[in-house]
Every structure is written in structure tokens, then in C-alpha cells.
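Structural overview for review
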Amino acid sequence: MSLAVYPGSFDPLTLGHLDIAARAAALFGTVVIAVAHNTSKAGRHLLSAEDRLDLARRATADMGGVEVDLVPGLLADYCRSRGASAIVKGLRSGTDLDAELPMALLNRDLGAPETVFLTAAPAHAHISSSLVKEVAALGGDVSGLVPGAVAHALAHAMRRQGHPVP
Ligand code: PNS
């Protein structure tokens, strides 16, 4: 069995992310949910990297073969340091593919392992971190979209920002 790295912002982690992680662990043996820097989102994250790591660790505590880690710099360097066999990404739509393809090709140039795409489960294909944040900001129920601890943390973060959370 081998190790795959599943990178993302995870701001916040959703049930769709958890499903991809579980399926990647079944395929590779070990998957690392890797909280990485997306410089195009710098300063715009709702949750701190520490909170995102902590929430991912709590949500995956009972899942075999799933680790959580921070990627301090380039993903390709992190993959090399872990001896990873693959990068795993989830695909919900053609729009996701359009965004992911240049990253996969660039990571390849940087010496990263193959990027393997897993299709999102139909039940999760509409879930995105951005939509989850929008629903939470407007006081909606996100309990069917994210793990329980994440729903709690979101409500807290939204209240802190002055949003009308019940
Ligand atoms: O969830 P996101 O924000 O779409 O994930 C993007 C992410 C974090 C996977 C991407 O920005 C990334 O790989 N960042 C690590 C830094 C890096 O290696 N960048 C160049 C390769 S794309």
C-alpha cells in the first residue's frame, strides 16, 4: 500500500472532502489531508490554518488510513518529503477540471507524483466550501453539508464576524 496526498484549503472541510479522503485511503492505504496555502485566497480565509487542521483532525479521528498535516510551502516538495505516490483531487464538474488541470500539469513540472482525480459522489457534487460559508453567513443550517465540529466552528466564526447566526 502507498501514500497519497489530498491537498486543499479546506476552509472549511466538507462531507464531500471526507468522502474523497475515505475513498483515497481505500485505494492507497494512507491519505494525508494536506492543508496547503492557496496564495490567491491569502487573507480571505474564514478559518485559520490551525483551526482547519484541528477540525480536519477531529473529523477524521475515527477514520483508518487518514492523516492530517500542514503543507508549509510547495505541494511538490511536501509530496517528495513524504514519499507520496500520488496527489488526489476530487472533481465535481467540468469547472473543477478546468481549475485542476493547470495545477496538475504544474505540479508535474515541479516533480510531484501523478495527480489522480476521484469523481465526487452524486450526493456531494453540489457541496463547496464557498457555498457552505454563504449558507452559514446567512444563518442557514449546514449540518447536512459538513461534519458536526465544523458546523459548530462555522457558527462561532460567523458570530465573531457579526453575521446573523441563530
Ligand atoms: O482548495 P483549494 O484552495 O482549491 O486548493 C488549492 C491548493 C491549496 C491545493 C493549491 O493552491 C496548492 O497546491 N497550494 C500549495 C502551493 C503550491 O504548491 N502551489 C503550486 C502548485 S498548484
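Structure: above.
Here is what the cut-offs are and how they apply
- Residues numbered from 1 in each chain as written.
- Predicted model: local features only at pLDDT ≥ 70, side-chain atom pairs only at ≥ 80, totals over all residues.
- Heavy atoms only, no water.
- Patch = residues over 30% accessible without salt bridge, like charges linked within 9 Å, V, L, I, M, F, W, Y side chains within 5 Å.
- Areas by Shrake-Rupley, 256 points an atom, 1.4 Å probe, with all protein chains shown as cover.
- Salt bridge = Lys/Arg side-chain N within 4 Å of Asp/Glu carboxyl O.
- Helix = DSSP H or I, 4+ residues; strand = E, 2+ residues; numbered from the N terminus.
- Core = buried A, V, L, I, M, F, W, Y, C linked by side-chain atoms within 4.5 Å.
- Buried < 20%, exposed > 50% of the residue type's maximum accessible area, 1.4 Å probe, protein only.
- Phe/Tyr/Trp six-rings, centres within 6.5 Å; stacked < 30°, edge-to-face > 60°.
- Pairing = 2+ DSSP bridges.
- Right-handed = clockwise from strand over helix to strand, strands pointing away.
- Arc of directions from axis to C-beta.
- Contact = heavy atoms within 4.5 Å.
- Expected span 1.5 Å × (residues − 1).
- Bend = angle between axes of the 7 residues up to and from the residue.
- Polar contact = N/O pair within 3.5 Å; in protein donor to acceptor, adjacent residues only side chain to side chain.
- Near = heavy atom within 4 Å.
- Nonpolar A, V, L, I, M, F, W, Y, C, P; charged D, E, K, R; others polar.

Glancing now at a nonpolar patch on the surface. Side chains of Leu74, Leu106 and Leu110 sit close together on the surface and give an oily, nonpolar patch of about 260 Å² of accessible area. Tracing the chain through its elements places Leu106 in helix α4 (residues 94-109).

Next up on the list: the nonpolar core. Core analysis: the largest hydrophobic core is formed by 36 residues, its most contacted members being Tyr6, Val31, Ile33, Val88 and Val142. Only β1 (2-8), α1 (15-28), β2 (29-35), α2 (49-59), β3 (66-70), β4 (86-91), α5 (129-137) and α6 (148-160) provide two or more residues apiece to this core. Formed by 13 residues, the second largest nonpolar core is a distinct cluster that contains Leu3, Val5, Val71 and Ile87.

Turning next to the pattern of salt bridges. Overall, the coordinates contain eight salt bridges when judged by the stated rule. Of the charged contacts, one joins Arg92 and Asp96 as a salt bridge, the two residues approaching to 2.8 Å between their closest N and O atoms. Three or more residues joined by partner-sharing salt bridges are found here, namely Glu67, Asp69 and Arg82.

Each aromatic ring pair is characterised by the separation of its centres together with the angle its planes make. One pass over the structure, following the stated rule, counts one aromatic pair. A ring pair is formed by Tyr6 and Phe10, whose centres lie 5.3 Å apart and whose planes are at 80 degrees; its orientation type is edge-to-face. In this structure, Tyr6 and Phe10 share a single accessibility class: buried.

Taken across its six residues, β4 has five buried, putting it largely inside the fold. Relative to β4, β1 is paired through two bridges, and the arrangement is parallel. Among the inter-strand pairings, Ala4 is bridged to a residue of β4, identified as Ala86. Traced from β4 through α4 to strand β5 (residues 114-119), the parallel crossover comes out right-handed.

So, on to α5. Buried within α5 we find Ser129, Val132, Ala136 and Ala137. Down the axis of α5, the sector holding all buried residues measures 130 degrees, keeping them to one side. Check the buried side of α5 and you find it contacts α1 and α6. One or two residues past the end of α5 sits Gly139, with phi positive at roughly 85 degrees.

Right, let's talk about α4 for a bit. Between its terminal C-alpha atoms α4 stretches 23 Å, which fits the 22 Å expected from 16 residues at 1.5 Å a residue. Taking the largest bend as the criterion, α4 deviates by roughly 30 degrees, centred on Glu100, and proline Pro102 comes between one and four positions later. Taken as a whole, α4 has its buried residues at Asp96, Glu100, Ala104 and Asn107. Looking at the buried residues of α4, the elements they touch are α3 (75-82), β4 and β5. Sitting at the head of α4, Ser93 places a side-chain oxygen 3.3 Å from the backbone nitrogen of Thr95.

Right, let's talk about the site of the ligand for a bit. Close to the ligand lie 13 residues; Ser9, His37, Asn38, Lys41 and Leu75 are nearest. The separation between an oxygen atom of the ligand and a polar side-chain atom of Asn38 is 2.8 Å. Between an oxygen atom of the ligand and a main-chain N or O atom of Leu75, the distance comes to 2.8 Å. Breaking the shell around the ligand down by element, the ones donating at least two residues are β1 and α4. Across the shell around the ligand, the residue classes break down as five nonpolar, six polar and two charged.

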